[in-house]
Amino acid sequence: MRTKFVSQATHGLLALASVFVLALNGCTFTLLNIPGVNTPTAAPTIPAGPTSAPQPSAAITFKVTLPAPLLQGEVLYLSVLDEVTGLGLNPTNYAMQGMDTLHYTVNVPFAIDSVVKYRYMRQSSLPTLEDDSADKAVRYRMYQVTGSGAVEDVVSAWADGKFNSPAGRMTGQIIDSGTLNPIPNILIAAGGQQALTDSNGRFFLEGLPVGTHNLVAYAIDGAYQTFQQGARVEVAKTTQVNLSLLPAKMVNVVFTVTVPATSFQNLPIRLAGNLLQLGDVFGDLQGGLSTVASRMPLLTPMPDGRYTTTLALPVGADIHYKYTLGDGFWNAEHGSGGVFIVRQLVVPASPNPLQVTDLVQTWQAGPSSPILFEVNVPADTPVSDIVSIQFNPYGWTEPLPMWPRGNNQWIYELYSPLNMLGNFEYRYCRNDQCGVADDVMTGSGKHGRPVSTSLVPEDLQDDVTGWTWLQPLPTSALVGQPATARPAGFWSGVEFLAEYDPTWQAWMPQAIQDIKGRYADWMVLTPSWSVSRTSPFVFAPVPGSDPLWADNLDTISHARASNLSVALFPAVNLPGDMAEWWKSAPRDAAWWDTWFNRYAAFAVYHADLAAKAGAQALILGGDWVAPALPGGQVDGNDSGVPLDAETRWKAILADVHKRFEGQVLWAVTYPGGLESSMPAFTDSLDGIYLLWTAPLSGASVDDLKASAGQLLDQDIQPLQAKLGKPVILAAAYASANDAAKAEIPAHWLFQPGAVQFPVNLQAQADIYQALMMAVNERAWLGGFVSRGYYPPVALQDASASVHGKPAEDVLWYWFGRFTGATQ
């Protein structure tokens, strides 16, 4: 279970970004257009293709109904968004005309086959963006331009108000028109809300205002052709929308670009775009961005100085893209006057590779000269790490990989958008994990280093004297112990942290090689879904917060290629403390029906994912489902779970087994979980995944071993004998003083970079040594897994992660002998 404390951060960030851009003087780039200006200043959308001929266009009429009349002096805008640069950073805004006090309209031309991403905004001095019925910011609505047309929308609420109107819901299923199989990971947009389809192709949109909405089904990787239709929502009713999508054919597209001269040769130039494979994660990232540099394709230098890359892209996809030395916002290409350049390519069918030839006019924006950042990092910086730089103009944005020069030196030259900046901050970190793996000068919540723009070139030369949570480790002092090789089926594993950030994906292969080097033969992956509403219960994957279907497939593929067995242990991302969340839930009959339906979809989704990816095991359960088990309790009282809960759970497990032929285990917390979360339907399971955080007593490793052995023999062995099924010991202990007491709360135990507790790396290593010795003497145990591994970077913090700590050496010693890899 993962807890995420949700706030109105999105609204605050948008407000900060708005003020930041509005404060610019003499700048041709604006977040917002001045009221009364009929023709908006926009970043040019440049057609791309063999002839670069403009696409034919069509006029679209937008009509919108407001929840209340505008205030005096306010103007309503249609805000057409640029997801490649950043949703709040480069929109084109069109003033709308009032038909009456609640109804407005505007006509806007767009290229045929465009997929327009937009939202509504009212403005007097500062902008106010629209919210959905859950009072969360609308990312964007979508409309596909197939010819002249019209779209009608309803604004649920504004960011400075609350939703208070009749509502209904929309649900449906998306299938492949050829195979009739359901399609996962299709983005559904309607009424200002978005949802991804699950593995059954189903989606749910709750709390849509009454009226007609434009529903768009959009493949985030372009693998299916976009489809849209109108759908009517009635008060307290469910509108069913079932669609079939046509698969898109693929064509190789060769991008070749001529770029301006820079201070350095063969710099890494990336292609940033609005597809998943072009770095777009379709979620709200730091600084209002949607793209991640490390996920973008790199171009290859050519002998003549140009750069090129070949990508397989879907025919018919509306691709918006740009070339960049950073991401979609930082160091991207610009046009005259400092405007952002965004190119558009509607991919045509072609029997031969499509040739796209482009020219970058300039990397700079405005009169300010480039700023060169040069940094020397400590010699003990891991050789597999890269150094990243992060900028803070109005809030921290996404980190950018720096350019290596060798000898522990890294550089980065910032060209743009310096026309937007005056004074700002920057900081260095490892592997894009800024805020966790920072340099000591700016880590642990400190301010970044200051910098200002200038008309003359700047060369900032810095020294990182040390990295937060990284120090030289003493030589390992492992004492050899006799170890017995275990039979096939024994788990020697590492469980990845049940957290997620889109920057992690680039570092997953490296993390897999690290645990493989410890002789692990199992990787336990913890993908998640998010609870975005408690009542009505909305539970689904959320881009940016949860790993996407394609990301999970990619990680599992890397693990299988390294000859690791893979178990999926799906997690929940709750909006707050788990106990408080359960207390706040209504838990009436209708709510429980929805809860079981959504949990069933969650379990089946991960069963389908495991089956498709070739995983060997699926782990369900855990402490968060305890109130939903027969006899479940919340805060010491009956949870109200339906009397037929056992029947419902058995039906869920039967469906899981039907879809996935591997092992299905149940996660039980120890101590405490044997009473509250041990299911009555163990006959449907293949084993128990014991989430062990038991307090251990003693001052020496032998004492800790004896304490662990006593608990195993007293509480766990009788359970294993009764069930006749494997028990996998999955342990998590902090790297802190008194870690054996197991008193550190879970939200700190599994939080990388936590500073609340004194670090003691040896304490964790001693606990691991004691547990391994205890496991070695108990042949009835089915395996050992280290929980909480932080994949993107090694940290020597107080968290449970063993990545880069002495406890990893303990795993190396015992796993090598358990698996028979070493003697």
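Conventions we followed
Residues numbered from 1 in each chain as written. Predicted model: local features only at pLDDT ≥ 70, side-chain atom pairs only at ≥ 80, totals over all residues. Heavy atoms only, no water. Disulfide = S-S within 2.5 Å. Pairing = 2+ DSSP bridges. Helix = DSSP H or I, 4+ residues; strand = E, 2+ residues; numbered from the N terminus. Salt bridge = Lys/Arg side-chain N within 4 Å of Asp/Glu carboxyl O. Buried < 20%, exposed > 50% of the residue type's maximum accessible area, 1.4 Å probe, protein only. Contact = heavy atoms within 4.5 Å. Axes fitted to C-alpha atoms, helices over the stretch in contact; angles between N-to-C directions. Phe/Tyr/Trp six-rings, centres within 6.5 Å; stacked < 30°, edge-to-face > 60°. Lys NZ or Arg CZ within 6 Å of the ring centre and 35° of its normal. pLDDT = per-residue confidence, 0-100. Expected span 1.5 Å × (residues − 1). Arc of directions from axis to C-beta. Core = buried A, V, L, I, M, F, W, Y, C linked by side-chain atoms within 4.5 Å. Polar contact = N/O pair within 3.5 Å; in protein donor to acceptor, adjacent residues only side chain to side chain. 1 Å grid on protein atoms, 1.4 Å probe; cavity = no way out; pocket = protein on both sides within 12 Å on 5 of 7 lines; lining within 4 Å. Points joined across faces, edges and corners; volume = space filled by probe spheres on them. Nonpolar A, V, L, I, M, F, W, Y, C, P; charged D, E, K, R; others polar.

A.B. asks: How would you explain the state of the cysteines if you had to name every residue and give the values?
C.D. replies: A full pass over the atoms with the stated rule returns one disulfide. With a sulfur-sulfur separation of 2.0 Å, C429 is cross-linked through a disulfide to C434. On the sign convention where negative means left-handed, the S-S torsion of about -70 degrees between C429 and C434 marks this disulfide as left-handed.

A.B. asks: Tell me about the sheet that holds strand 29 (residues 400-401), and name the residues and values.
C.D. replies: Strand order in the open sheet formed by four strands is 29-28-32-33, with antiparallel pairing between adjacent strands. Across the chains shown, the open sheet's two edge strands, defined by having one partner strand only, are strand 29 and strand 33 (449-452). Of the pairings in the sheet, the one linking strand 28 (residues 387-392) to strand 32 (residues 423-430) comprises six bridges and is antiparallel in character. Its bridge partner being in strand 32, F391 is matched across the sheet by Y426.

A.B. asks: Mind laying out the pattern of salt bridges, listing which residues take part and the relevant values?
C.D. replies: Summed over all chains, the structure comprises 34 salt bridges. Between R518 and D514 there is a salt bridge whose closest N-O contact spans 3.3 Å. Across the pair D644 and R648 runs a salt bridge whose closest N-O atoms are separated by 2.9 Å. Its relative accessible area of 35% is what places D644 among the partly exposed residues. By relative accessible area, R648 is classed as partly exposed at 21%. One connected set of salt bridges, linked through shared partners, spans E83, K117, R139 and D284.

A.B. asks: Just give me the short version of the side chain of Q769, but keep the residues and values in it.
C.D. replies: Looking at the element boundaries, Q769 is found in helix 10 (residues 761-776). Discounting residues that sit within four places of it in the chain, Q769 has contacts with L478, V479, Q481, V701, V810 and W814.

A.B. asks: Which residues make up the sheet that holds strand 13 (residues 167-176), and what values go with them?
C.D. replies: With mixed pairing, the three strands of this open sheet are ordered in space as 16-13-19. Strand pairing shows two members of the sheet lacking a second neighbour, strand 16 (202-209) and strand 19 (238-245), which therefore form its edges. Taken pair by pair, the neighbouring strands of this sheet meet at an average axis angle of 20 degrees, ignoring direction. Of the pairings in the sheet, the one linking strand 13 to strand 19 comprises eight bridges and is parallel in character. When the bridges of strand 19 are listed, R169 appears paired with T238.

A.B. asks: Any chance you could break down the environment of L781 for me, citing the residues and the numbers?
C.D. replies: Within the fold, L781 resides in the loop between helix 10 and strand 47 (783-789). Distance from L781 to S384, taken between C-alpha atoms, is 35 Å for residues 397 residues apart in sequence. Residue contacts for L781: discarding those within four places in its chain leaves R486, F490, L712, V727 and V775.

A.B. asks: Could you give an account of the packing of aromatic side chains, naming the residues involved and the relevant values?
C.D. replies: Under the defined criterion, the tally for this structure stands at 57 aromatic pairs. Geometrically, the ring pair formed by W491 and Y689 is tilted, given 6.3 Å between the ring centres and 50 degrees between the ring planes. With W491 in strand 35 (residues 491-496) and Y689 in strand 45 (residues 687-692), this pair connects stretches of sequence that are 198 residues apart. An identical accessibility class is assigned to W491 and Y689; each is buried. The interplanar angle of 85 degrees and the centroid separation of 5.4 Å between the aromatic rings of W649 and W666 together place this pair among those described as edge-to-face. One end of the pair, W649, is in helix 6 (residues 645-659); the other, W666, is in strand 44 (residues 663-670), with 17 residues separating them in the sequence. The ring centre of Y813 lies 3.7 Å from the NZ or CZ of R817, which sits over that ring.

A.B. asks: Please provide a residue-by-residue account of the confidence of the model for the protein, values included.
C.D. replies: Per-residue confidence for the protein averages 92 on the pLDDT scale, and 94% of its residues sit at or above 70. Counting contacts from residues 2-9, a segment whose pLDDT is below 50, to residues more than four positions away or on other chains yields 23 contacts. Every residue in residues 21-41 scores below 50 in pLDDT, and together they form 48 contacts with partners more than four places removed in sequence or on other chains.

A.B. asks: So what's going on with helix 3 (residues 549-561)? Residues and values would help.
C.D. replies: With 13 residues, helix 3 should reach 18 Å at 1.5 Å per residue; the first-to-last C-alpha distance of 18 Å fits that figure. Among all positions of helix 3, only W549, D551, N552, T555, I556 and A559 are buried. End-on, the buried residues of helix 3 take up no more than an arc of 165 degrees, which puts them together on one face. In this structure, the buried side of helix 3 is in contact with helix 2 (508-516), strand 36 (522-525), strand 39 (565-568) and helix 5 (589-613). Looking one or two residues past helix 3, N563 carries a phi angle of roughly 65 degrees, positive in sign.

A.B. asks: Could you give me a rundown of the nonpolar core, with the residues and numbers involved?
C.D. replies: Counting residues in each nonpolar core, the largest one holds 115 residues, and the members touching the most others are W595, W624, W649 and W692. Top element by residues in this core is helix 5. It accounts for 13 residues. Once you skip the residues sitting within four places of it in the chain, W649 turns out to touch W595, F596, Y599, V625, A628, L629, P630, W666 and F681. Counting 75 residues, the second-largest nonpolar core is a separate cluster that includes V257, F282, Y323 and W363.

A.B. asks: Tell me about the side chain of T397, and please be specific about residues and values.
C.D. replies: For T397, the position within the fold is in the loop between strand 28 and strand 29. One polar contact links the side chain of T397 to the main-chain carbonyl oxygen of F391, over a distance of 3.0 Å. Sequence-distant contacts of T397, defined by excluding residues within four places in its chain, comprise Q286, G287, L289, W330, Q390 and F391.

A.B. asks: Report on the layout of surface pockets, specifying residues and quantitative values.
C.D. replies: In this structure, the second largest pocket spans a volume of roughly 660 Å³. Lining the second largest pocket we find 30 residues, and of these T45, V80, F110, H320 and Q344 sit closest to its centre. Of all the secondary-structure elements, those providing two or more residues to the lining of the second largest pocket are strand 2 (45-47), strand 5 (92-95), strand 7 (103-111), strand 8 (115-123), strand 24 (318-324) and strand 25 (342-346). With four residues, strand 25 is the single largest residue contributor to the lining of the second largest pocket. Grouping the amino acids of the lining of the second largest pocket by side-chain chemistry returns 17 nonpolar, nine polar and four charged.

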